[in-house]
Amino acid sequence: MSYRFVVNGEPVAVEVPGMRRLLDVLREELHLTGTKEGCGEGECGACSVLLDGVVVDSCLVPICQVDGTVVQTVEGLARDAPLNDLQSAFLETGGAQCGICTPGMLMAAEAYLVAGSPISDGAIREAIAGNLCRCTGYTKIVEAIALAGERRRRDASV
Amino acid sequence: MPHEPPVVSPRTLPEAYALLAAAPHRPLAGGTDLLVQISGELGEPPERVLDIWHLDELRGIRVESNALVIGALTTYAEIRRSPVVAEFLPALAEAAATIGAAQIQNRGTIGGNAANASPAGDMLPLLLACDAQFVLGSAHRQRWVAAREFWPAYRRTAIAGDELLLRISLPLPSRRQVRYRKVGTRRAQAISKVVIGLAWRAEEGATPWREVRLALGSVAATTIRAPRTEAVLEGSTPDEATADRAAATLADEIKPIDDVRSTADYRRAVASRVLHRLIRDEGGW
């Protein structure tokens, strides 16, 4: 079967079985290896991407359900610069260590920031509750998301 | 690489019914259970899959004939942010918020939770306590199945091979209160150790409880009611003596097992304690 959708602004078409995981299509067919596989069963969030703007585990989404949708991966975060503001904030606070959780963490955080909910420690922790990190202890990740959120708010009000 | 059984994605309900009538298919909703199951590590993967995600007539939340009617494909995220749920059955939004985390809530559906029939299914005790009715459809007919008959055995449902779960109807009787509690290892992403749904009707103030429904998950092979404990609560007011008797009865009534997530002793103790605390909260003592 052929499935058509948009990834990071580019229309794509793939010929794969309908039950192929979005994760495998991104990595193996489209060579977008920024999205990582951790547990492969929806526990760790390493494979998080945005599907029509909401965060999902790409290991749990078969490609037949992606037909006609818009997907954003970590490769699509920065447009005109090497990193976007959220990615820069992760570097500034030390929110990225070994890096396996980082792409998924960034996508969950991006979904949270784009939704425009009030920025609070509790809300940030809930937004990334589906993303496991075994290095940072989360505090620096939470600081990074808060920092990016505050900057976006400030820039929006200028 | 996981198994990749053949899948069809019908765009209309009659198409889906025709496919089901022609050959057995495993329905696929949000995929949060099925995509884990087709790894093959949890028994035989399905031979064929019917992707119902595009059947938009199975989505949506509305109040109709004094019942809250929720389409089977309604996600936990939609339930959490629904003003209708917040007004008519806020405990349902509370339950949806305990499931997985954002990624799971954006895909997982209430119908999938019911049809997957896990004894640990987080929404199920609430559906049972609220006397939910399950609306099943096939090419030939629609029928309603009461929650008490919906999970006849471990991981089994009343859904026949040619049927789909269309929607879940939750009656909204006057002056009914509903409470929900889930106990897991952590707040997010945890499979439950014990889940409790409690419903009753009462007049204002410290008046006796009527039509008490106490339902539990993760303490038996299916989601269950606890009729002996319900009988203790029926006609009683939420005072300390009632709470003590109900908690002791529940500890004796349920027969949970030891497994990877918890022990029988812990489940019995915590179910009993959570019920005691729920009653205390209502009694205000």
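The structure presented is a predicted model; accordingly, all values stated were derived computationally and were not measured.

Time to look at the overall build of chain A. Helices and strands together make up the secondary structure of chain A, namely five helices and five strands. Here chain A has a C-alpha radius of gyration of 15 Å; the compact-globule value for 158 residues is 15 Å, and the two agree. On the principal axes, the C-alpha backbone points of chain A span a range of 45 × 35 × 25 Å. Each of the 158 residues in chain A was classed as buried or not, and the buried ones make up 46%. For chain A, long-range pairs separated by at least 24 residues make up 60% of all intrachain contacts whose partners lie at least 6 apart in sequence.

Before going further, it helps to examine the environment of Val178 of chain B. All names here are of chain B. Topologically, Val178 is positioned in strand E9 (residues 176-183). Take Val178: there are 19 C-beta atoms within 10 Å of it, and that puts it in the partly exposed class. If sequence neighbours within four positions are ignored, Val178 has contacts with Leu89, Ala91, Ala129, Cys130 and Ala199.

Attention now goes to the nonpolar core. The biggest cluster of nonpolar side chains holds 126 residues, and the ones touching the most others in it are Ala108 and Ala109 of chain A together with Ile52, Leu127 and Leu216 of chain B. The element that contributes the greatest number of residues to this core is helix H3 (residues 102-115) of chain A, accounting for eight residues. Sequence-distant contacts of Ala109 of chain A, that is, excluding residues within four places in its chain, are made with Leu86, Ala127, Ile128 and Ile145 of chain A.

The next subject is the sheet that holds strand E10 (residues 194-201) of chain B. All names here are of chain B. The four strands lie next to each other as E9-E10-E11-E12, forming an open sheet whose pairing is antiparallel. Of all the strands in the sheet, the pair left with one neighbour each is E9 and strand E12 (224-225). Relative to strand E11 (residues 210-217), E10 runs antiparallel, the two being bridged by six bridges. Bridge assignment links Gly197 to a residue of E11, and that residue is Ala215.

A few words on the packing of helix H2 (residues 85-93) of chain A against H3 of chain A. Residue and element names in this part refer to chain A. Contact geometry for H2 and H3: axes closest at 10 Å, N-to-C directions at 125°. The pairing of H2 with H3 is recorded here as oblique in orientation. The interaxial crossing formed by H2 with H3 has right-handed handedness. Judged by residue contacts, Leu86, Gln87 and Phe90 of H2 engage Thr102, Leu106, Ala109, Glu110 and Leu113 from H3. Classifying every residue of the contact of H2 with H3 gives five nonpolar, two polar and one charged.

A separate point is the interface of chain A and chain B. Contacts between chain A and chain B engage 25 residues on the former and 22 residues on the latter. Elements with a contribution of two residues or more to the side of chain A that touches chain B: strand E4 (54-57) and H3 of chain A. Of the residues forming the side of chain A that touches chain B, the biggest block, four residues, is contributed by E4 of chain A. Looking at the side of chain A that touches chain B, its residues break down into 14 nonpolar, six polar and five charged.

Along its sequence, chain B is carved into domain 1 (7-51), domain 2 (58-171) and domain 3 (181-283). The centre of domain 1 of chain B, based on its C-alpha atoms, is set 35 Å off from the matching centre of domain 3 of chain B.

All names here are of chain A. With respect to burial, strand E2 (residues 10-15) is a largely exposed element, only zero of its six residues being buried. Pairing of strand E1 (residues 2-7) with E2 involves six bridges; the strand directions are antiparallel. Bridge pairing in E2 places Ser2 opposite Glu15. With antiparallel pairing between neighbouring strands as the criterion, E1 and E2 make up a hairpin whose turn holds two residues, including Asn8 at a positive phi of roughly 50°.

On to the packing of H2 of chain A against helix H5 (residues 139-157) of chain A, then. All names here are of chain A. Closest axis-to-axis distance for the H2/H5 pair is 8 Å, and the angle between their directions is 135°. Looking at the two axes, H2 sits oblique to H5. By crossing handedness, the relation of H2 to H5 is classed as right-handed. Listed contacts from H5 to Asp85, Leu86, Ala89, Phe90, Glu92 and Thr93 of H2 are Lys140, Glu143, Ala144, Leu147, Ala148, Arg151 and Arg152. Partitioning the contact of H2 with H5 into residue classes produces six nonpolar, one polar and six charged.

Moving on, we get to unusual backbone geometry. Residues and elements named next belong to chain B. Positioned with a positive phi, Ser65 is a non-glycine residue whose angle comes to about 50°. Note that Ser65 resides in the loop between strand E4 (61-64) and strand E5 (67-71). Ser65 gets classed as exposed once you count the C-beta atoms within 10 Å, which come to 8. Notably, Arg175 is not glycine yet its phi reads approximately 55°, a positive angle. Relative to the helices and strands, Arg175 is located in the loop between strand E8 (164-171) and E9.

Let us look at the domain arrangement of chain A. Bring the parts together and some accessible area is lost; that lost area is often taken as the interface size. All names here are of chain A. Parsing chain A into structural domains produces domain 1 (2-76) and domain 2 (85-157). The straight-line distance from the C-alpha centre of domain 1 to that of domain 2 is 21 Å. Contacts between the two partners involve 14 residues from domain 1 and, on the opposite side, 12 residues from domain 2. Of all elements in the fold, only strand E3 (48-51) and E4 reach the threshold of two or more residues within the side of domain 1 that touches domain 2. Ranked by the residues each element gives to the side of domain 1 that touches domain 2, the list is headed by E3, at three residues.

Reading the values: rules and limits
Sequence order as written defines the numbering, with residues in each chain counted from 1. Here chains are named by letter from A upward and ligands by number from 1 upward, in the order in which they appear as written. Owing to the predicted nature of the model, reporting of local features is limited to residues with pLDDT of at least 70; listing and counting of side-chain atom pairs is limited to 80 or more, with chain, interface and lining totals taken over all residues. Think of it this way: any DSSP run of H or I at least four residues long counts as a helix, any run of E at least two long counts as a strand, and we number them from the N terminus. The globule rule used for comparison is 2.2 Å times the number of residues to the exponent 0.38, while the radius of gyration itself is calculated over C-alpha atoms. Buried, partly exposed and exposed are defined by the number of other C-beta atoms within 10 Å of a residue's own C-beta, namely 20 or more, between the two limits, and 12 or fewer respectively, with C-beta atoms placed from the backbone. By the criterion used throughout, residues are in contact when their C-beta atoms, derived from the backbone, lie within 7 Å. Among buried residues, those of type Ala, Val, Leu, Ile, Met, Phe, Trp, Tyr and Cys that are joined through C-beta atoms within 7 Å form a set called a nonpolar core. Paired strands, in this sense, are two strands between which DSSP finds at least two bridges. Between N-to-C directions, angles cover 0 to 180 degrees, with each direction set by a line fitted to C-alpha atoms, over the stretch in contact for helices. Orientation labels follow simple angle bins: below 35 degrees gives roughly parallel, above 145 gives roughly antiparallel, 65 to 115 gives roughly perpendicular, and whatever is left gives oblique. Here a crossing is taken to be left-handed if its near helix is turned anticlockwise relative to the far helix by less than a right angle, and right-handed if that turn runs clockwise. Any residue that is not Ala, Val, Leu, Ile, Met, Phe, Trp, Tyr, Cys, Pro, Asp, Glu, Lys or Arg is counted as polar, Gly included; the first ten are nonpolar and the last four charged. Domain delimitation in this document rests on an assignment produced automatically or drawn from a domain database.

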